Amino acid sequence: MDTFVVESISLAAYLLGPKVKKLLSINKEENNRFSFVFEVTETEGKQLLLEYANSESRKFDQAVQYIKDLVFKNPKRIERK
């Protein structure tokens, strides 16, 4: 069985779409990060990675990360009403 491992939650969510058959496991690493193991060949995984990089999903994920950075890293910039 071929597997493809990713450490990005956003990419893992993208891979759970209709193109990937199975999420095999989620592993917690020593640094408290997670890795997601999919039943996909390395070649297919790399192709899906390229598709994700050029997708609207990636743009959305970048916008969410930007908003999180504004909220959590610069709370003084948020106007209170």
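Predicted model, so just to flag it, every value in this text is computed and none were measured.

A. Region of interest: helix H3 (residues 56-73). In this model, H3 (18 residues) spans 25 Å end to end at C-alpha, consistent with the 26 Å of a helix rising 1.5 Å per residue. You can read the cap of H3 off the contacts: a side-chain oxygen lies 3.3 Å from the backbone nitrogen of Ser57, and it is on Ser55.

B. Local environment of the pairing of strand S2 (residues 23-28). With 5 bridges joining them, S2 and strand S3 (residues 34-38) adopt antiparallel strand pairing. Across the sheet, residue Asn27 finds its bridge partner in S3, namely Ser35. Remark: 5 residues form the turn of the hairpin made by S2 and S3, two consecutive strands paired antiparallel; Asn32 in that turn has positive phi of roughly 65°.

C. Structural view of a nonpolar patch on the surface. A surface patch of nonpolar side chains, about 350 Å² in accessible area, is lined by Leu16, Leu23, Ile26 and Phe34. Position of Leu23 among the secondary structure elements: in strand S2.

D. Representation of the layout of surface pockets. Taken as a whole, the largest pocket encloses approximately 210 Å³ of empty space. Taken together, Ser10, Arg58, Phe60, Asp61, Gln62, Val64, Gln65 and Lys68 make up the full set of residues lining the largest pocket. Per-element tally for the lining of the largest pocket: the top contributor is H3, with 7 residues. Grouping the constituent residues of the lining of the largest pocket by class yields 2 nonpolar, 3 polar and 3 charged.

The rules behind these values
- Residues numbered from 1 in each chain as written.
- Predicted model: local features only at pLDDT ≥ 70, side-chain atom pairs only at ≥ 80, totals over all residues.
- Heavy atoms only, no water.
- Helix = DSSP H or I, 4+ residues; strand = E, 2+ residues; numbered from the N terminus.
- Expected span 1.5 Å × (residues − 1).
- Polar contact = N/O pair within 3.5 Å; in protein donor to acceptor, adjacent residues only side chain to side chain.
- Pairing = 2+ DSSP bridges.
- Patch = residues over 30% accessible without salt bridge, like charges linked within 9 Å, V, L, I, M, F, W, Y side chains within 5 Å.
- Areas by Shrake-Rupley, 256 points an atom, 1.4 Å probe, with all protein chains shown as cover.
- Salt bridge = Lys/Arg side-chain N within 4 Å of Asp/Glu carboxyl O.
- 1 Å grid on protein atoms, 1.4 Å probe; cavity = no way out; pocket = protein on both sides within 12 Å on 5 of 7 lines; lining within 4 Å.
- Points joined across faces, edges and corners; volume = space filled by probe spheres on them.
- Nonpolar A, V, L, I, M, F, W, Y, C, P; charged D, E, K, R; others polar.

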